[in-house]
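Each chain is listed here by its residues.
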Amino acid sequence: MPEVINANQLRKRMREIVDRVRHGGRFTVLYRSRPAFDIVPVGRRSLDSVPLESDPLYRATPVGASDAGDAATRNDEVLYQ
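Basis of the calculations
Residues numbered from 1 in each chain as written. Predicted model: local features only at pLDDT ≥ 70, side-chain atom pairs only at ≥ 80, totals over all residues. Heavy atoms only, no water. Helix = DSSP H or I, 4+ residues; strand = E, 2+ residues; numbered from the N terminus. Buried < 20%, exposed > 50% of the residue type's maximum accessible area, 1.4 Å probe, protein only. Contact = heavy atoms within 4.5 Å. Areas by Shrake-Rupley, 256 points an atom, 1.4 Å probe, with all protein chains shown as cover. Salt bridge = Lys/Arg side-chain N within 4 Å of Asp/Glu carboxyl O. Pairing = 2+ DSSP bridges. Polar contact = N/O pair within 3.5 Å; in protein donor to acceptor, adjacent residues only side chain to side chain.

### Quick notes on the overall build of the protein chain
1) Next: Per the secondary structure count, the protein chain includes four helices and three strands.
2) Next: The buried share of the protein chain, reckoned over its 81 residues, is 14%.
3) Next: Partitioning the intrachain contacts of the protein chain with sequence separation of at least 6 by distance along the chain shows that 22% fall at a separation of at least 24.
4) Next: Here the protein chain displays about 6900 Å² of accessible surface, and carbon together with sulfur accounts for 52% of that area.

Shown next as structure tokens:
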């Protein structure tokens, strides 16, 4: 059964919660006293098995805001060349 926490606890305890989820822990996060989402471990393929340097999102440079509304297109260019 998931541990129930609120959004404020999530922010304050993020490092601890990530560690617990990596070891099988599960959480239900409340926002304004209602369940908003669950935090569960990823499937059998561990994120630790993928080097960050090979992840395009990790390598991406900041894009920033766009007055022309093309921020999503620019993000795709940076991430996926």
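After that view, the rundown keeps rolling.
### Considering the pattern of salt bridges
1) Next: As enumerated under the stated definition, the model contains four salt bridges in all.
2) Next: Between arginine 20 and glutamate 16 there is a salt bridge, with its nearest N and O atoms 3.3 Å apart. Of this pair, arginine 20 and glutamate 16 both sit in helix 2 (residues 14–22), four residues apart, which is roughly one turn of that helix.
3) Next: The partly exposed category is assigned to arginine 20, whose relative accessible area is 35%.
4) Next: Given the relative accessible area of 36%, glutamate 16 is considered partly exposed.
5) Next: Each of Glu3, Arg13, Glu16 and Arg20 takes part in one network of salt bridges that share partners.

### Remarks on the pairing of strand 2 (residues 27–31)
1) Next: Here four bridges tie strand 1 (residues 3–6) to strand 2, and the two strands are oriented parallel to one another. Residue pairing across strands places glutamate 3 opposite phenylalanine 27, the latter belonging to strand 2.
2) Next: Sheet topology places strand 2 next to strand 3 (residues 34–39); five bridges connect them, and they run antiparallel. Residue pairing for strand 3: threonine 28 is matched across the bridge by aspartate 38.

### A few points about the side chain of threonine 28
1) Next: Inspection of the secondary structure assignment puts threonine 28 in strand 2.
2) Next: For threonine 28, a relative accessible area of 14% corresponds to the buried category.
3) Next: At 2.7 Å, the side chain of threonine 28 and the side chain of aspartate 38 are in polar contact.

### Notes on the environment of valine 21
1) Next: On the secondary structure map, valine 21 appears in helix 2.
2) Next: On the basis of relative accessible area, valine 21 is assigned to the buried category, the value being 9%.
3) Next: The sequence separation of valine 21 and proline 41 amounts to 20 residues, and the corresponding C-alpha distance is 5.4 Å.
4) Next: When neighbours within four sequence positions are excluded, valine 21 is seen to be in contact with Phe27, Ile39, Val40 and Pro41.

So yeah, pure geometry; function would need other evidence.
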